[in-house]
Each structure stands twice: as C-alpha cells, then as structure tokens.
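Geometric and topological summary
Chain residues, written in single-letter form:
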Amino acid sequence: MQILAFNGSPRNQGNTSEIIAAILEGARSKGAETAEVRLQDIDLKGCCGCLSCRKHFGFCAQRDDLSPYLEAIKGCAGMVVGCPIYMYRISGQMKLFVDRIYSLYANRPDGGYDSMVPQGKRYALAISQGAPNPDQYKKSIQYLAGMTGSGLGMEEVGRIIHADSQDHPAAGDKGLLEKAFEIGCRLLK
Ligand SMILES: Cc1cc2nc3c(=O)[nH]c(=O)nc-3n(C[C@H](O)[C@H](O)[C@H](O)COP(=O)(O)O)c2cc1C
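Given the structure is predicted, the values throughout are model-derived calculations rather than measurements.

Another aspect to go through is the packing of aromatic side chains. One pass over the full model with this rule turns up four aromatic pairs. Relative to tyrosine 137, the ring of tyrosine 88 has its centre 6.5 Å away and its plane inclined at 50°; by these criteria the two rings are tilted. Residue tyrosine 88 is located in the loop between β3 (78–86) and β4 (89–90), and its partner tyrosine 137 is located in the loop between β7 (122–128) and α5 (138–151); the two are separated by 49 residues in the primary sequence. Residue classification places tyrosine 88 among the exposed residues on the basis of a relative accessible area of 51%. Considering the side-chain rings of tyrosine 102 and tyrosine 113, the 5.9 Å spacing of their centres and the 80° angle between planes classify their relative orientation as edge-to-face. Of the two residues, tyrosine 102 sits in the loop between α4 (92–101) and β5 (105–107) while tyrosine 113 sits in strand β6 (residues 113–115), which places them eleven residues apart along the sequence.

In structure tokens form, the structure reads like this:
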C-alpha cells in the first residue's frame, strides 16, 4: 500500500518537508510504503491546455516527469499534499501540479465532475506559512483540500497548518511533528 506525497516547497529541509517527513514516518509505522515527489526537483511542465483530457478522461497528454506519478495516484492508497504559502496562495510548483490534476476529473452531464481515481483513498495536508494566524489563508488551503477531497474523492484524515514559521520552525516543534506523525498513521485503513 503506497502513500504518495507531493511537496510544493523548493526547500529540501524546509518546514513543509519536515512536516511531510513526519507524516510519512507515521504512515510507514503502519506498514505503508511511501514516496515523496519534490515538485521543484522534477521536470514538471504546466498544463498545455490541449484539452485532450476532456476526450480521454484520466489521461494527461503532457509528457514529463509527473506523468508516471499521475498514473500512480490511481493506484496509491493515499496522498499527502504539502505546500508553503507564497504570496497569499499556494506555491507556483504546486499550482502546476493542481492544473495537471484536471486530467483526473471527468465531466458529468450536469456540469460537475467525477473523479477518475478509484475511490476509498485518504489524504492529508501539510501547509506552512510565515503569518501567525493559521486562518489567514483559509481559502488557499480549502482550494488544495477541494482538489484532493471533493475533486479526486479522497477522504481527509487531518491537516497541519504550520504558522509563524520564522519564529517557530517546524523542525524544533515536537508537538507539531508528533501530530503530523499521528495524521500519517491514519492514512492507511
Ligand atoms: C516567495 C515567498 C512568498 C511568501 N509569501 C507568504 C505569504 O504570502 N504569507 C505568509 O504567511 N508567508 C509567506 N511566505 C513565507 C513562507 O510561507 C514560509 O516561510 C514557509 O514556512 C515556507 O515553507 P518551507 O520552509 O516549507 O519552504 C513566503 C515565502 C516566500 C519565499
């Protein structure tokens, strides 16, 4: 059973990476195999707008390092989506990923979407921000949760909103990392 993490931070040892690492450790403690995709480190192209995925639901015609991972989402047990807040929103790396996820949505005749990903999967969110108020970027965080939850049809098992990151780095926050570990434990059924 594999848990796939998508990391939208370019910082390999930054806050998002620390939190994702703790979540994945929790998942491994329950027997999961884990893989982390650092979006900054792969050849990741943006959606080219070809709309091929509107004819062939579930398949993205853009070929790059993300292609095998878009396929892997269909077969994984769960996902972790981690991202820092950049300029009030998700990072650019994460936005490229979210746009490509459109290929996994199928149009319904009523105007909504069905997920092309088999149901029964779980997900967790890991967000890091400089601002101290964890509610400040609710909409951006809800957008990521919506992509994975209502969009792909996965069930959320928890989220970390790490705020005030400059004064309180995730690496030194034992309570936060313990909570992240526990969330990871819930990723496998
Ligand atoms: C380009 C850039 C833009 C940022 N914009 C915001 C912002 O709008 N609001 C905020 O609270 N923090 C902002 N930050 C701070 C980051 O969200 C914060 O440092 C976070 O902990 C970084 O996560 P990381 O260590 O995982 O990369 C910004 C940082 C950068 C580099």
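Surrounding the ligand, one finds 16 residues, the nearest of these being Arg11, Thr16, Ile85, Ser128 and Tyr137. Asparagine 15 is positioned with one of its backbone polar atoms (N or O) 2.8 Å from an oxygen atom of the ligand. In isolation the ligand exposes 640 Å². Once the protein is present, 73% of that is buried. Looking at the shell around the ligand, the elements that each hand over two or more residues are α1 (15–29) and β3. A total of three residues in the shell around the ligand trace back to one element, the largest contributor, which is β3. Split into classes, the residues belonging to the shell around the ligand amount to seven nonpolar, eight polar and one charged.

Reading the values: rules and limits
- Position numbers for residues start from 1 in each chain and track the written sequence from start to end.
- For a predicted model such as this one, the threshold for reporting local features is a pLDDT of at least 70, and the threshold for listing and counting side-chain atom pairs is 80 or more; totals across whole chains, interfaces and linings nevertheless cover every residue.
- To obtain the side-chain values, all non-hydrogen atoms of the structure were used and water was disregarded.
- Between 30 and 60 degrees the pair is tilted, below 30 it is stacked and above 60 it is edge-to-face, where a pair is any two Phe, Tyr or Trp rings, Trp via its six-membered ring, whose centres lie within 6.5 Å.
- A run of H or I in DSSP counts as a helix once it spans at least four residues, and a run of E counts as a strand once it spans at least two, with each numbered from the N terminus.
- Throughout, exposure labels follow a simple rule: accessible area from a 1.4 Å probe, protein chains only, divided by the maximum for the residue type, with under 20% read as buried, over 50% as exposed, and the rest as partly exposed.
- Nearness is defined per residue: one heavy atom within 4 Å of the molecule or strand is enough.
- Definition of a polar contact: a pair of N or O atoms within 3.5 Å, with one able to donate and the other able to accept a hydrogen when the atoms are protein atoms, and with sequence-neighbouring residues admitted only if both atoms are side-chain atoms.
- For every accessible area listed, the method is Shrake-Rupley and the probe measures 1.4 Å; residues are considered covered only by the protein chains on display.
- Note that Gly is not counted as nonpolar here; it falls among the polar residues with everything else outside the nonpolar set of Ala, Val, Leu, Ile, Met, Phe, Trp, Tyr, Cys and Pro and the charged set of Asp, Glu, Lys and Arg.

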